Amino acid sequence: MRPSTLFYGALGLLSPIATSALELNPDDPDSIKAAAKVVAAGTRDWYTGDRVGDTPGNLPDPYYWWLCGAMFGSFVDYWYYTGDDTYNAITKQAIIHQIGDPKAFMPQNQTSTLGNDDQAFWGMTALSAAENKLPDVEGEMSFLSLAIAVFNTQAPRWNARTCGGGLNWQIFTFNNGYDYKNTISNGAFFNIAARLAKYTGNATYTEWATKAYEWELSVGLISKDFHFYDGTSERQNCSDVNHIQWTYNAGIHMAGAAALWNLSTTTGDEAGAAKWRGRIEGIMKNIDPFFNPEGAPGVMSEVACERNGLCDHDQRSFKAYLARWMGFTMLTAPWTRQTLMPKLRTSAVAAAKQCGPGKGGCGMRWWRGVNDGEVGVGEQMSALEVMQNLLIDQVAGPVGEQTGGISKNDPSAGSDGDKLTVQYNAITTGDKAGAGFLTILVLVFLFAGGWWLITGE
Ligand SMILES: *[C@@H]1O[C@H](CO)[C@@H](O)[C@H](O)[C@H]1NC(C)=O
Ligand SMILES: *[C@@H]1O[C@H](CO)[C@@H](O)[C@H](O)[C@H]1NC(C)=O
Ligand SMILES: *[C@@H]1O[C@H](CO)[C@@H](O)[C@H](O)[C@H]1NC(C)=O
Ligand SMILES: *[C@@H]1O[C@H](CO)[C@@H](O)[C@H](O)[C@H]1NC(C)=O
C-alpha cells in the first residue's frame with residue numbers, strides 16, 4: 001500500500017453515477033442478497049485481469065496489486081454468504097496466477113513495491129477460501145498452504161534489530177518505506193497467525209500471533225485503551241508513533257482476537273479466553289468513533305479522510321475490511337453480536353440508500369444519503385462487505401481442520417521464501433530509502449490526521 005496526499009475526487013468523473021437507491025431490508029436475507037448481487041456486479045465491472053492479454057490478479061491503474069487481492073477476498077465472502085458462485089472462476093484464476101516465486105504471493109512483477117501488508121492481503125484471501133471451504137484447485141497449492149506460505153515467509157522477517165521486534169512495512173530493504181513498522185503489516189500477520197492457529201491448532205501460530213500483538217502494544221501501535229495507530233519508524237527506534245487511525249486496523253485485530261478467543265475457549269484455556277475477551281471488548285468500545293458521523297449516528301465512516309476529501313484509492317476500501325472482520329468476529333465470538341450487529345445494520349442500510357447498479361453505483365460517504373460521486377473499486381467493495389456480512393445466520397462460520405476443513409495442509413509451504421529476502425537485503429541497506437517517505441508521512445499526518453487526532457483521544 002502507498003501513502004498518498006493527493007485528492008482523488010476527480011475519479012468520480014470517470015464513470016456514470018447511478019441515482020437510484022437499492023432496497024435493503026436487513027431482516028430479509030433475500031433482500032440483502034439481491035442488494036449484494038447488484039453491488040458485486042458493479043465491483044466486478046472494474047476488473048479486467050481476465051481479459052485476453054491482461055494479467056489475472058491485476059486491476060487497471062491506478063489500483064495497486066494488493067487491492068486486487070483484497071477484492072477477491074470480498075468475492076470469496078460473497079460466494080460464502082450468498083451462495084452465488086458467479087465470481088469463483090475469476091477468483092481462483094487470479095489467486096493461482098499470483099502465487100509467484102517464491103510461492104507465497106511474491107510475484108516478481110511486484111518486487112519493487114512489495115510490502116508485507118500487500119502480500120498478507122492475498123494471504124488473507126486464500127485463508128478465507130480455506131475457512132469457507134472453497135475447493136482447492138487441483139494440481140496447485142492449496143488455499144490453506146498459501147496462507148501458511150505467507151506466514152512462513154513473514155515470520156523470519158521479524159526484525160528485533162530495532163524497536164524490540166515487529167515487521168517492517170516493506171519486504172526488501174531497497175524499497176521506500178522499509179524503515180516504517182506499520183500497524184497493518186503487523187496486524188495482518190497477527191490476523192493470519194491467529195486464524196491459522198484456530199484452523200490448525202498448531203501452537204506455533206498461537207505463539208506468533210500473541211507475540212505480534214504484545215509487540216504492537218509495547219511500542220504503542222496499539223494504545224492501552226485500544227486505539228490502533230498507523231505506524232512508527234525504526235529510525236527513532238519506534239519512539240514516535242503516527243497517530244492516524246483507520247477502520248481496517250481496528251477490524252483486522254478484532255478478528256484475530258476473536259479467532260484466539262474462540263481457540264482458547266474451545267481448548268479450555270480459561271486464562272487465554274479471558275485475556276482475548278477483554279481485548280475484543282476494548283476494541284469494540286473503541287470503534288465507536290468510526291460510527292458517528294454528524295447527523296447519521298451508527299453509520300460507518302473513514303473518519304480520517306472522508307470529511308476532508310483526502311481518502312486515496314487504498315483508503316476508500318478500508319471500511320470493507322472493518323465490515324468483513326465484524327462478520328468474522330460475530331461468527332467466531334457470538335457474544336459480540338449484540339454490540340456489532342446494530343452498527344453493521346445501520347451502516348448497510350445507509351450504504352444501500354446511496355448505491356445503485358453499475359460500476360459507479362456506490363459512493364464513499366454513506367452518511368450523506370446520496371451517492372457523493374466518489375466511486376471506484378474501494379467504494380464498491382466497502383458497500384459489498386457491509387451488506388453481505390449481515391448474512392452471518394446463513395452460514396456455519398469458518399471451519400478448521402477438525403471441523404470440516406477440506407483444504408490441504410502443507411506446513412512447509414513458503415520455505416523457499418526467506419532465501420530470496422535475505423539475499424536481497426544483504427546487498428543493500430535501508431538507510432537511503434526512508435527520507436522521502438518520511439516527508440510524505442508528515443504531510444499525511446498534517447492534512448489527513450488533524451481532525452481525528454483532536455477528537456479521537
Ligand atoms: C508479470 O508481468 C508480465 C508482463 O506484463 C505478465 O505477462 C505476467 O502475467 C505478470 N505476472 C504476474 C504474476 O502478474
Ligand atoms: C529500542 O526499543 C526497544 C524496545 O522498546 C528497546 O528494548 C531497546 O533498548 C531500544 N534501543 C535503543 C538503542 O534505544
Ligand atoms: C468458534 O467458532 C466457530 C465458527 O468458526 C463457531 O461455530 C463456534 O460456536 C465458536 N465457538 C464458541 C465457543 O463460540
Ligand atoms: C506448525 O506450524 C509451523 C509454522 O508454519 C510449521 O513449521 C510446523 O511444521 C507446524 N507443525 C505441524 C505439526 O504441522
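Being a predicted model, the structure only gives us computed values, none of them experimental.

Colleague: I tried to follow the overall build of the protein on my own but got confused; where do I start?
Modeller: Of the regular secondary structure elements, the protein holds 14 helices and three strands. Every one of the 457 residues in the protein was classed for burial, and the buried ones make up 64%. Nonlocal contacts in the protein, meaning residues at least 24 apart in sequence, comprise 71% of its contacts between residues at least 6 apart.

Colleague: Would you mind going over the packing of helix 6 (residues 183-200) against helix 8 (residues 247-266) with me for this structure?
Modeller: Angle between the axes and distance between the axes are the two parameters that describe a pair of packed helices. Axis separation between helix 6 and helix 8 bottoms out at 8 Å; the angle between their running directions is 25°. Compared by their axis directions, helix 6 and helix 8 come out roughly parallel. Viewed along their axes, helix 6 and helix 8 form a crossing whose handedness is left-handed. Of the residues in helix 8, those in contact with Thr183, Ile184, Gly187, Ala188, Phe190, Asn191, Ala194, Arg195, Ala197 and Lys198 of helix 6 are Tyr248, Asn249, Ile252, His253, Ala255, Gly256, Ala257, Ala259, Leu260, Asn262 and Leu263.

Colleague: Explain the site of ligand 3 here, please?
Modeller: Close to ligand 3 lie Lys198, Trp261, Asn262, Thr265, Leu331, Thr332, Pro334 and Pro398, which account for all nearby residues. Measuring from an oxygen atom of ligand 3, one finds a side-chain N or O atom of Lys198 at 2.7 Å. Relative to its free-state accessible area of 360 Å², ligand 3 is covered by the protein chains to the extent of 65%. Elements that contribute at least two residues to the shell around ligand 3 include exactly helix 8 and helix 10 (318-332). Looking at the shell around ligand 3, the element that brings in the most residues is helix 8, giving three residues.

Colleague: So what exactly am I meant to see when it comes to the environment of Thr266 here?
Modeller: Residue position: Thr266 is located in helix 8. With a relative accessible area of 62%, Thr266 lands in the exposed category. Residues Thr266 and Lys198, spaced 68 residues apart in sequence, show a C-alpha to C-alpha distance of 9.4 Å.

Colleague: Please explain the nonpolar core as it appears in this structure.
Modeller: Among the nonpolar cores identified, the biggest contains 147 residues, and Tyr321 and Met387 are the most heavily contacted of them. If you tally residues by element for this core, the top one is helix 2 (residues 65-82), at 13 residues. The residues touching Tyr321, leaving out its near neighbours within four places in the chain, are Trp66, Leu67, Ala70, Phe121, Tyr248 and Met381.

Colleague: Teacher, can you tell me more about the packing of aromatic side chains here?
Modeller: The geometry of an aromatic ring pair is captured by the separation of the ring centres together with the interplanar angle, meaning the angle of the planes. In the structure shown here, the tally under the stated rule is 30 aromatic pairs. Here the aromatic cluster, defined as three or more aromatic residues joined through ring pairs, consists of Tyr47, Trp65, Phe72, Phe75, Tyr78, Tyr87, Phe105 and Trp122. The ring of Trp367 has Arg307 sitting right over it, with the charged end atom 4.3 Å from the ring centre. The residue whose ring lies beneath Arg324 is Trp325, and the NZ or CZ to ring-centre distance is 5.7 Å.

Colleague: What am I meant to see in the site of ligand 4 here?
Modeller: Around ligand 4 sit Phe151, Asn152, Asn202, Thr204, Tyr205 and Pro411, and that is every residue in its neighbourhood. One of the side-chain nitrogen or oxygen atoms of Asn152 is found 2.8 Å away from an oxygen atom of ligand 4. A distance of 2.4 Å is found between an oxygen atom of ligand 4 and a side-chain nitrogen or oxygen belonging to Asn202. Elements with a minimum of two residues in the shell around ligand 4: helix 5 (143-154) and helix 7 (203-219). In terms of residue class, the shell around ligand 4 is built from three nonpolar, three polar and no charged.

Colleague: Please clarify how the state of the cysteines should be interpreted in this entry.
Modeller: Put plainly, two cysteines are in a disulfide when a covalent bond ties their sulfur atoms together. Counting across every chain of the model gives three disulfides. The disulfide partner of Cys305 is Cys311, and the gap between their sulfur atoms is 2.0 Å. Across the disulfide from Cys305 to Cys311, rotation about the S-S bond amounts to roughly 90°, and the bridge is consequently right-handed. Shown here for the protein is a disulfide pattern of 1-2, 3-4, 5-6, where each number marks a bonded cysteine counted in sequence order.

Colleague: What's the story with the pairing of strand 3 (residues 241-245) in this structure? I'm lost.
Modeller: Remark: a regular strand shows side chains that alternate across the two faces of the sheet. By the criterion of burial, strand 3 is predominantly enclosed, with four of the five residues buried. Where strand 2 (residues 229-233) meets strand 3, three bridges bridge the pair, whose relative direction is antiparallel. By the bridge assignment for strand 3, Thr232 is matched with Val241.

Colleague: What is the right way to read helix 12 (residues 377-388) from this model?
Modeller: Each turn of an α-helix holds 3.6 residues, which means side chains three or four residues apart point in the same direction. For helix 12, which comprises twelve residues, the first-to-last C-alpha distance of 16 Å matches the rise-based estimate of 16 Å (1.5 Å per residue) to within 8%. Regarding helix 12, the residues found buried are Val377, Gly378, Glu379, Gln380, Met381, Ser382, Ala383, Leu384, Glu385, Val386, Met387 and Gln388. Of the surrounding elements, those touching the buried residues of helix 12 are helix 1 (29-44), helix 2, helix 10 and helix 11 (337-353).

Colleague: Explanation requested: the side chain of Lys319 in the structure shown.
Modeller: When you line up the elements, Lys319 lands in helix 10. Leaving out residues up to four positions away in the same chain, Lys319 has contacts with Thr247, Met300, Ser301, Glu302, Glu306, Met364, Trp366 and Ser382.

Cut-off values and rules
Residues numbered from 1 in each chain as written. Chains lettered and ligands numbered in written order. Predicted model: local features only at pLDDT ≥ 70, side-chain atom pairs only at ≥ 80, totals over all residues. Heavy atoms only, no water. Helix = DSSP H or I, 4+ residues; strand = E, 2+ residues; numbered from the N terminus. Buried < 20%, exposed > 50% of the residue type's maximum accessible area, 1.4 Å probe, protein only. Contact = heavy atoms within 4.5 Å. Axes fitted to C-alpha atoms, helices over the stretch in contact; angles between N-to-C directions. Parallel < 35°, antiparallel > 145°, perpendicular 65-115°, else oblique. Left-handed = near helix turned anticlockwise from the far one by under 90°. Near = heavy atom within 4 Å. Polar contact = N/O pair within 3.5 Å; in protein donor to acceptor, adjacent residues only side chain to side chain. Areas by Shrake-Rupley, 256 points an atom, 1.4 Å probe, with all protein chains shown as cover. Core = buried A, V, L, I, M, F, W, Y, C linked by side-chain atoms within 4.5 Å. Phe/Tyr/Trp six-rings, centres within 6.5 Å; stacked < 30°, edge-to-face > 60°. Lys NZ or Arg CZ within 6 Å of the ring centre and 35° of its normal. Nonpolar A, V, L, I, M, F, W, Y, C, P; charged D, E, K, R; others polar. Disulfide = S-S within 2.5 Å. Pairing = 2+ DSSP bridges. Expected span 1.5 Å × (residues − 1).

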